[in-house]
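Per-entry structural report
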Amino acid sequence: MDLENIIVEMYRRGMIKFGKFLLSSGRESPYYIDLRILPSFPNLYRSIMEYMVKLANQIDYNVIAGIETSGIVHAAYLGCLLNKPIAYVRKKPKGHGTRSLIEGLIEGCKVLLIDDVVTTGNTLIKAIESIRDNGGIIEDALVIIDRCEGASKKLAEYGVRLQYILSSDSIIDTLLRRGVIDEKIHMKVKEYMDLSRQ
């Protein structure tokens, strides 16, 4: 399945929504991307993961690490497809045992960080700091969708390249071109994105 058809299918399956949504950053957005249900559609999921594999094969790394919670599923899938070790990064230390933020062996390894959607990049940066604090080396993060709200620039300041399959720009342009959304929705999202980039 090509990327245009993937975008339309994601919309039809309810993963891309338009309206008024409060983001975890506290901002109100005219659109929302919810990839938590993606694994419920195995054919679509497999198509997306094939693109993830292509990008991952261009990156130098030893271990794949997913961010709790959504990133763990994608990291596990990718690790199985590529026969790579998998780890994951907790958002906060577990309340018992070792109280570790990292589960899996990453010390001295080059880590490829995985998440589903990136907005501002703050979640990725916390994970990058945790990986480095635990002896991992990280130069690349890979996500399915970049919402184009400054994450790439922010990660670059930490010496990490942001790689992605789809951007919000490509998503809304494709949905307009394919007649799925009208010009009014397209313009509203574009205006929001332009403000987000300032």
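Scroll up for the structure.
Note that this is a predicted model, so its numbers are computed, not measured.

Thoughts on the overall build of the protein
The number of helices and strands found in the protein is seven helices and eight strands. For a compact globule of 198 residues, the expected C-alpha radius of gyration is about 16 Å, and the protein comes in at 17 Å, within 12% of that figure. In terms of overall dimensions, the protein has a C-alpha envelope of 50 × 35 × 30 Å along the principal axes. Scored against the burial criterion, the 198 residues of the protein give a buried share of 48%. Partitioning the intrachain contacts of the protein with sequence separation of at least 6 by distance along the chain shows that 61% fall at a separation of at least 24. Roughly 10000 Å² of accessible area belongs to the protein as shown, and the carbon and sulfur atoms make up 49% of that amount. For the protein, the separation between the mean place of its 27 positive charges and that of its 25 negative charges on side chains is 3 Å.

Let's talk about the packing of aromatic side chains
Evaluated as defined, the whole model comprises four aromatic pairs. Summarising the aromatic geometry, the rings of Phe 21 and Tyr 32 are spaced 5.6 Å apart at their centres and angled 25 degrees between planes, so their arrangement reads as stacked. Of this pair, Phe 21 sits in strand β1 (residues 16-22) while Tyr 32 sits in strand β2 (residues 28-33); the two residues are eleven residues apart in sequence, bridging distant segments of the chain. Measuring from centroid to centroid gives 6.1 Å for Tyr 31 and Tyr 192, while their planes differ by 85 degrees, and the two rings are edge-to-face. On the criterion of sequence distance, the pair formed by Tyr 31 in strand β2 and Tyr 192 in helix α7 (residues 183-196) is long-range, its members being 161 residues apart. There is no split in this pair, since Tyr 31 and Tyr 192 are both buried. Here Lys 54 stacks its cationic end above the ring of Tyr 51, 5.0 Å away from the centre of that ring.

Re the side chain of Ser 47
For Ser 47, the position within the fold is in helix α2 (residues 42-56). Setting aside its immediate chain neighbours within four residues, Ser 47 contacts Met 1 and Ile 6.

Topic: the pairing of strand β7 (residues 137-146)
The buried fraction of β7 is high, at eight of ten residues. Sheet topology note: the strand β6 (residues 110-118)/β7 ladder contains eight bridges and is parallel. What sits directly across from Val 111, in β7, is Ile 138. Where the polypeptide runs from β6 across helix α4 (residues 122-133) and back to β7, its parallel neighbour, the crossover connection is right-handed.

Rules and cut-offs
- All residue numbers here refer to positions counted from 1 along the written sequence of the relevant chain.
- A pLDDT threshold of at least 70 governs which residues receive local features in this predicted model, and a stricter bar of 80 or more applies before side-chain atom pairs are shown or counted, although totals over entire chains, interfaces and linings include all residues.
- Excluding hydrogens and water, the side-chain figures rest on all heavy atoms present in the structure.
- Per the convention used, a helix needs a DSSP run of H or I reaching at least four residues, while a strand needs a run of E reaching at least two, with both numbered from the N terminus.
- We take the radius of gyration over the C-alpha atoms and set the globule estimate at 2.2 Å times the residue count to the 0.38 power.
- Only protein chains enter the accessibility calculation, which uses a 1.4 Å probe. A residue is then buried if its area is under 20% of the maximum for its type, exposed if over 50%, and partly exposed in between.
- Between two residues, a contact is recorded if the distance between any of their heavy atoms is within 4.5 Å.
- Accessibility throughout is a Shrake-Rupley quantity obtained with a 1.4 Å probe, and a residue counts as covered only by protein chains that appear here.
- Counted as positive: Lys and Arg. Counted as negative: Asp and Glu. His and the chain ends are not counted at all.
- Charge positions come from single atoms, namely NZ of Lys, CZ of Arg, CG of Asp or CD of Glu.
- Whether two aromatic rings pair depends on their centres lying within 6.5 Å, for rings of Phe, Tyr and Trp, where Trp uses its six-membered ring; planes under 30 degrees apart make the pair stacked, over 60 edge-to-face, and the rest tilted.
- Working rule: Lys NZ or Arg CZ, within 6 Å of ring centre, within 35 degrees of ring normal, means a charge sits over the ring.
- Pairing between two strands is assigned when DSSP locates at least 2 bridges connecting them.
- Place the viewer so that the strands point away; then a crossover is right-handed whenever the path from the first strand over the helix to the second strand goes clockwise.

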